[in-house]
Amino acid sequence: MTTHLDPELWSLIRVGLHVGFFFAAAYLLRSMFNARSVTELRHLPRPKWSARVPIVLLTLLFIGILVYQATWQLIGTSRPEFIAFMQLHDRRALNPAHRIQRGRILDHRGEVLAYSEEILGQVYRLYPDGPAFAHVVGYSHPWFGASGMESVANVRLNGGAPDGLGDWGKLGRQLVTQDKRPRGQDLTLTLDAELQRMAFGLLEGKQGAIVAMRPEDGAIRTLVSAPSYDPNRITSALFQDSGPGAALLNRATQGLYPPGSTFKILLAALALQQGFSGTLECPADGFTTSPRYRKIRDHEYYTASKSGSTWTGQGSLDLATAFARSSNVFFAQLGVRYGHEAFYAMAEQMQLNRRIVLHETPYGAWSMRTGEIPRLDTSDRYGLAQMSIGQGAALVTPAHMALIAASIGNQGLAIRPRLIETDEPAPLAYFMSTSVAERLSAMLRQVVISGTGRGIDTPRLAIAGKTGTAENPQGASHSWFVGFAPAERPQLAVSVLVEHGGYGSATAAPIARDLLLRALDLGLIE
Amino acid sequence: MSRVNGPIDIADAWDLRAPERSLLVWCFACIALGFVMLWGSTHVGGGTIDRLDLLPLGLYALSLLTLHLILVTARFRGDQLILVAVAFLSGFGMLAQYRMGSFKTQGTLSINLALFPIGLILMGATVILLMRGRYQALAQGHLIWVWAMLSLGLLAVLLLFGQRFRGGVYAAGLVTPSEILKVTIVLFVAGFVARNAKSLGAWGKGLPLPPWRALLPLAGFWLILAGLLVIQRDLGLFIILSIALLTMLFVGTGRLGYMLFGGIGAVALAGVVLKILPHGERRVTAWLEPFRDPTGGSWQILQGLSGMFSGGLWGEGFGRGSPEYTPIAQSDFIYSVIGEELGFAGCAIVILFFLILFGRGLLVVSRAADGYGRAVGAGLLTVLATQTFLNIGGVTKLVPLTGLPLPFISHGGSSLITGFIGVGLLLAISDGQPATPAKSRTAKQTNGVTGKGARRSRRSSAG
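Since we're looking at a predicted model, the values are computed, not measured.

The rules behind the values
- Residues numbered from 1 in each chain as written.
- Chains lettered and ligands numbered in written order.
- Predicted model: local features only at pLDDT ≥ 70, side-chain atom pairs only at ≥ 80, totals over all residues.
- Heavy atoms only, no water.
- Helix = DSSP H or I, 4+ residues; strand = E, 2+ residues; numbered from the N terminus.
- Buried < 20%, exposed > 50% of the residue type's maximum accessible area, 1.4 Å probe, protein only.
- Contact = heavy atoms within 4.5 Å.
- Areas by Shrake-Rupley, 256 points an atom, 1.4 Å probe, with all protein chains shown as cover.
- Phe/Tyr/Trp six-rings, centres within 6.5 Å; stacked < 30°, edge-to-face > 60°.
- Expected span 1.5 Å × (residues − 1).
- Buried area = accessible area lost by both parts, 1.4 Å probe.
- Salt bridge = Lys/Arg side-chain N within 4 Å of Asp/Glu carboxyl O.
- Nonpolar A, V, L, I, M, F, W, Y, C, P; charged D, E, K, R; others polar.
- Core = buried A, V, L, I, M, F, W, Y, C linked by side-chain atoms within 4.5 Å.
- Polar contact = N/O pair within 3.5 Å; in protein donor to acceptor, adjacent residues only side chain to side chain.
- pLDDT = per-residue confidence, 0-100.
- Axes fitted to C-alpha atoms, helices over the stretch in contact; angles between N-to-C directions.
- Parallel < 35°, antiparallel > 145°, perpendicular 65-115°, else oblique.
- Left-handed = near helix turned anticlockwise from the far one by under 90°.
- Patch = residues over 30% accessible without salt bridge, like charges linked within 9 Å, V, L, I, M, F, W, Y side chains within 5 Å.
- Pairing = 2+ DSSP bridges.

J.: Before we move on, could you go through the overall build of chain B and cite the residues and values that matter?
T.: Per the secondary structure count, chain B includes 20 helices and 4 strands. The buried share of chain B, reckoned over its 463 residues, is 56%. Contacts spanning at least 24 positions in sequence make up 76% of the contacts within chain B whose residues lie at least 6 apart. Carbon and sulfur atoms make up 68% of the accessible area of chain B, which amounts to about 18200 Å² in all.

J.: Can you break down the overall build of chain A residue by residue, with the values?
T.: Counting its regular elements, chain A contains 18 helices and 19 strands. Of all 526 residues assigned to chain A, the portion counted as buried reaches 55%. Restricting the contact set of chain A to residue pairs at least 6 apart, pairs at least 24 apart contribute 67%. Accessible surface, chain A as shown: approximately 22300 Å² in total, 54% of it carbon and sulfur.

J.: Give me the lowdown on the packing of aromatic side chains, citing residues and values where you can.
T.: Residues and elements named next belong to chain A. For the coordinates displayed, the defined rule picks out 29 aromatic pairs over all chains. Seen from their ring centres, Y293 and Y382 are 4.6 Å apart, and the 20° between their planes marks the pair as stacked. Here the residue Y293 occupies a position in the loop between β9 (279-282) and α12 (299-306), and Y382 occupies one in helix α15 (residues 381-388), the gap between them amounting to 89 residues. Assessed through its relative accessible area of 34%, Y293 is described here as partly exposed. Judged by centre distance (6.2 Å) and plane angle (65°), the rings of F323 and F331 are edge-to-face. Look at F323 and you get buried, because its relative accessible area is 0%.

J.: Quick one: what's the story with helix α5 (residues 81-99) of chain B, residue by residue and with numbers?
T.: All names here are of chain B. The first and last C-alpha atoms of α5 sit 27 Å apart over 19 residues, in line with the 27 Å expected at 1.5 Å per residue. Within α5, 19 of the 19 residues are buried, which leaves it mostly tucked inside the rest of the structure. Residue G101 follows α5 closely and has a positive phi angle near 80°.

J.: Give a detailed account of the interface of chain A and chain B, specifying residues and quantitative values.
T.: Taken residue by residue, the interface counts 67 residues in chain A and 99 residues in chain B. Here chain A packs against chain B, burying approximately 7800 Å² in sum over the two surfaces, 74% of which is carbon and sulfur. For the pair chain A and chain B, the number of links is 1 salt bridge. Of the charged contacts, one joins E40(A) and R367(B) as a salt bridge, the two residues approaching to 3.7 Å between their closest N and O atoms. Those elements that provide at least two residues to the side of chain A that touches chain B are α1 (7-34), α2 (52-73), α3 (80-89) and α7 (165-177) of chain A. Among the elements that make up the side of chain A that touches chain B, the one with the highest residue count is α1(A) (15 residues). Counted by class, the side of chain A that touches chain B contains 41 nonpolar, 15 polar and 11 charged residues.

J.: Can you break down the nonpolar core residue by residue, with the values?
T.: Residues F88(B) and I409(B) are the most contacted members of the largest nonpolar core, which totals 161 residues. Every residue in contact with F88(B), bar those within four places of it in the chain, is listed here: A25(A), L28(A), C27(B), C30(B), I31(B), Y60(B), I349(B) and F353(B). If you look at the next biggest cluster of nonpolar residues, it comprises 104 residues, including L191(A), L238(A), L280(A) and F331(A).

J.: Quick rundown of α15(A)? Include the residues and the values.
T.: All names here are of chain A. For α15, a buried count of 6 out of 8 residues is recorded, marking the element as mostly surrounded by other parts of the structure. Where α15 is concerned, the buried positions are Y382, G383, L384, A385, M387 and S388. The opening residue of α15 is D380, an N-cap whose side-chain oxygen sits 2.9 Å from the backbone nitrogen of G383. At the C-terminal side of α15, G390 shows a positive phi close to 75°.

J.: Account for the confidence of the model for chain B, naming residues and giving values.
T.: Residue and element names in this part refer to chain B. Scored by pLDDT, chain B has a mean of 80; 85% of the residues are at 70 or more. Throughout residues 437-463 the model reports pLDDT below 50, and contacts reaching past four residues in sequence, or to other chains, amount to 15 contacts. Prediction confidence for the complex, expressed as pTM and ipTM, is 0.69 and 0.85 respectively.

J.: Got a sec to walk through the packing of α2(A) against helix α17 (residues 371-395) of chain B? Specific residues and values, please.
T.: It is the contact of α2(A) with α17(B), at a shortest axis distance of 10 Å, that shows an interaxial angle of 15°. Here α17(B) runs roughly parallel to α2(A), going by the angle between their axes. Judged by the twist between their axes, the crossing of α2(A) over α17(B) is left-handed. Within the contact between the two elements, α2(A) uses L58(A), L61(A), F62(A) and I65(A) and α17(B) uses A385(B), T388(B), F389(B), I392(B) and G393(B).

J.: Go over a nonpolar patch on the surface with me, naming the residues and quoting the values.
T.: Taken together, the side chains of L209(B), W212(B), L256(B), M259(B), L260(B) and F261(B) present a nonpolar region at the surface, about 600 Å² in accessible area. With respect to the helices, strands and loops of the structure, L256(B) is situated in the loop between α11 (235-253) and α12 (257-276).

J.: Describe in detail the sheet that holds strand β18 (residues 475-485) of chain A, supporting the description with residues and values.
T.: Residues and elements named next belong to chain A. Taken together, the 5 strands give an open sheet; going across it, the order is β8-β7-β19-β18-β17, and neighbouring strands pair in antiparallel fashion. Unpaired on one side and paired on the other, β8 (220-226) and β17 (464-472) mark the two borders of the sheet. Strand-to-strand, the axes of this sheet are offset by a mean angle of 5°, without reference to chain direction. Sheet topology note: the strand β7 (residues 208-213)/β8 ladder contains 6 bridges and is antiparallel. Looking at the pairing, M213 lines up with I220 of β8. Where helix α18 (residues 508-521) meets the sheet, its contacts fall on β7, β17, β18 and β19 (492-498), and the angle it forms with β19 comes to roughly 145°.

J.: Report on the pairing of β7(A), specifying residues and quantitative values.
T.: Residue and element names in this part refer to chain A. Burial within β7 is extensive, with 6 of its 6 residues counted as buried. Of the two faces of β7, the one lined by G208, I210 and A212 and the one lined by A209, V211 and M213 are each fully buried. Hairpin connection from β7 to β8: 6 residues lie between these consecutive antiparallel strands, with G218 at a positive phi of about 75°. Pairing analysis gives 6 bridges linking β7 to β19, with the strands arranged antiparallel. Residue pairing in the sheet places A209 in a bridge with L497 of β19.

J.: Lay out the pattern of salt bridges with the relevant residues and their values.
T.: All names here are of chain A. This structure, assessed with the given rule, holds 28 salt bridges over all chains. Between D285 and R297 there is a salt bridge, with its nearest N and O atoms 3.5 Å apart. On the criterion of sequence distance, the pair formed by D285 in the loop between β9 and α12 and R297 in the loop between β9 and α12 is long-range, its members being 12 residues apart. For D285, a relative accessible area of 38% translates into the label partly exposed.

Structure representation (structure tokens):
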């Protein structure tokens, strides 16, 4: 064959041949069916038994195969794992799974966080604001798979499993037209893109996490973990890094940090619940459970000794004052006073040592860890004293501290945090009674008015919150701020953690203030 | 009337086989369309088509013609639709193998090309050799024990001198001589069952238990066979042969109990065997949870299914898919290639032709003149049908993969040749007995008065 066949013409001929082949085969089948009496074996004796039953059984068996085959071949789009497999591992250019118009991911105002674009017949997934949203939105990559919302909501983004007459009708049309390109559904998140970008900017050059959520319905407005990565450019190096600076780690939901003084919120709740009133003597020299252990002292003691002077001590403190001044001596005594049982009951009530599932599908779950409060021996009173001031063995995640702040802002009731707008708000648990929450709320406000957080007090917004400075073996203290605003009717709870950021009042608290003020500008707080 | 039971001359045979002739022409036309489609795709895709590429189709036409002429010359009276179905399926197989490039090795044509024509001619030869009731000679005297010894001996030799590849045992050049067991074992078991039909059918009164004493030789043989096959890790072949054994026992004795007991035994055995065979358990995991290890154990099946998914209802046409992404697609996974390039419709056509083959085969078996013919026919049909079901079911993930080729279509010489010989045997049985003395013929005719009348009237209404 030396003549050249025009591809245009050929595609017509090809369709003709294709149809011709089917017609010829069908005609042959029909002729064979019609020829069954002509070709009957007249020379053979009558049948000993009827062949009808085995023929029918055999036919049913093979029809069964065809029916099952159709569930893959024709309506394979109803098998989300199968579609995901083909998108990841099938290299056939003609496979319709590659042309599925995956839904977009949007923030609560409709701003696009992820979308698909077809470039030269190849579909790419693009993330306009890459790193800022990477830990929530995740990535969808032909080699490295999917993570975050891209993975958890894969089914919905791909068009979902058919669950209605309309969906099946659509599937039928796709069958006939060979257009197996379901247009996926868009996914709207609760995130606020502006606030998220701002939070990400505030953590630039630092390691840490920021979480902001609405106390009344659990909607997460901001969830930032730094450092981050660009989901538009995934490389294998990203997965090899498992060190402390790993970009892939979601510090907000999975990072366990000593809570430092922010943990005094739990102790204060415990004391209020137990009906504590009156005062505790807080000697300048500190407090310990046994002379063998180093004394737990207030930060003023160290400041004074550093400058060469002597500190006279706090004297006798009531709960609110001790909370505002963040007195270690007071809260260490408080924890020891109520003992292990009450302490662990409180930790249990506030859902520590758990994993809270934010969104779950059969194809993955988006969950957050709450914290780790290991069970200490009841004889270990010093360990309890240490945990009472958020040191020692106690570890929490930034997301859970935000949830605790939110529960105080919502009269003690914690709402399950949610990232997907269409998920119904659902109560998670009462972290404390309503009266405790109200009194604790006032105490948190007092911290910002006159206590350790007074540096961020602003006439524009009544911020309530607790600072924290968590010592850790890796280096400088972690800087914490946990709170909400406005104090009288909280609309946004926030938790800020900056790794090795020093004093909470110096690093984390100003970040929280800037973020809350921005939220006010954006109308997230009215 | 003369051709009903008496000897026929060549002119009669020419007339008798007229439907076969016209059907074979259509068969060729259909396959030729497929080849044109492939040539065009190759040409447009930048490949070159030379004279050698026309050879497969030419050989196919030639072998169909030869086959038909052989049968007419031999005055063969047997079934015509089975023959056409096999002719179409093997033509489809050639098409698929040509498409997968199995016929070409570095520019020259390979021996694989000859397998289909040789198989078709071999089928004709088997028919001539064994027609007119001559197949009964296969069960004469001690011959059935020869089949038994041959089967076991072959397996033993293979175990001693064979080479291991992908978990199985093969002879030199990856030939699988154990395929021939599908015929020899059927010949042995059918002979044994037909010979001892009475004692094997005498089940215990009261408690319905099979007659152990009569079954003993068969059971012993089966134990040795099972042992040899398990060592060879040829689970698929063992399943096929066991189902064939039970069917033959059932057909030979009319005792459904054999099937029931066999079914219960099979379920019990399956669990044990899967524990022993490591690659068996892997396959079951890949079957039940294909997405647990998608890039490992389930890669092949998921790639096959992906191909079928992209084929959809009609497919893109022969030569337009990318079956090279499915590992070793030309042998076990040829069905997924058909699904990819001809779509669901192409798969349905293949299955329909298989169903014609099996259905027509069952009719022949039900009307075979003697117990031995019935048992052999039933055994061969069961082997073919089970193999087809396990292959297609495995590729579509309905059942676990057993690594069995698809009869008449998959790449694999031994399997192809065995399939053709098996169908040849079935065709020989469909030729019935030689012209019998008048006495017994009248006896048969009085037996079948009503049936014959009905048939005659149908013929007149057709004319």
